[in-house]
Amino acid sequence: MTRVPRSLLRHRIGVEPYIGDGAYGPAYAPYVEVPALVGEAVRMVRAPDGRTVTSSAQVIAAPGLACPPGSRVTLPGGRITTAISVAEHTAPGLPVPASTEVMCE
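Just so it is clear, the model here is predicted, and its values are computed rather than measured.

Before going further, it helps to spend a moment on the environment of Ala36. Mapped onto the fold, Ala36 is located in strand 4 (residues 32-39). For Ala36 and Ile60, which are 24 residues apart along the polypeptide, the C-alpha to C-alpha distance reads 5.6 Å. Those residues in contact with Ala36, other than ones at most four positions away along the chain, are Leu9, Arg10, His11, Ile13, Val59, Ile60 and Ala61.

Laid out in structure tokens, this is it:
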């Protein structure tokens, strides 16, 4: 299986993976900067709890990105958003690259 080529990941995003709720609200792992391809378009997506949510940014990154729903994502322009849903795309045996897709609020 091939990975999405690094040369196509033209943007840098920051990710603070959601690790759960603490006594003072949501808790996040340390900030990590990763290469990605960001598209800012409005789309309707389904959140893990089943509600329909409007996504305003879509991120494509290398497979295995640690960004569960609820994570904070800093987009290239500096806007901080929240990950709504995450999908790992693989196609074993086919000539398409594996990637992680993150839909953000």
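Okay, back to it.
Let's shift gears to the nonpolar core. Ile13, Val59, Leu65, Cys67, Val73 and Val102 are the most contacted members of the largest nonpolar core, which totals 15 residues. At the level of secondary structure, the elements contributing two or more residues to this core comprise strand 1 (11-16), strand 4, strand 7 (57-61) and strand 10 (99-104). Non-local contacts of Leu65, meaning those with residues more than four positions away in its chain, are made with Val15, Val34, Glu88, Thr100 and Val102. Residues Ala47, Val53, Ile84 and Met103 belong to the second largest nonpolar core, which totals 5 residues.

Attention shifts here to the pattern of salt bridges. Per the stated rule, a full pass over the model turns up 4 salt bridges. Among the salt bridges present, the one from Arg12 reaches Glu33, with a minimum N-O distance of 3.3 Å. Remark: Glu33 occurs in strand 4 and Arg12 occurs in strand 1; sequence separation between them is 21 residues. What makes Arg12 partly exposed here is its relative accessible area of 40%.

Procedures and definitions
Residues numbered from 1 in each chain as written. Predicted model: local features only at pLDDT ≥ 70, side-chain atom pairs only at ≥ 80, totals over all residues. Heavy atoms only, no water. Helix = DSSP H or I, 4+ residues; strand = E, 2+ residues; numbered from the N terminus. Contact = heavy atoms within 4.5 Å. Core = buried A, V, L, I, M, F, W, Y, C linked by side-chain atoms within 4.5 Å. Buried < 20%, exposed > 50% of the residue type's maximum accessible area, 1.4 Å probe, protein only. Salt bridge = Lys/Arg side-chain N within 4 Å of Asp/Glu carboxyl O.

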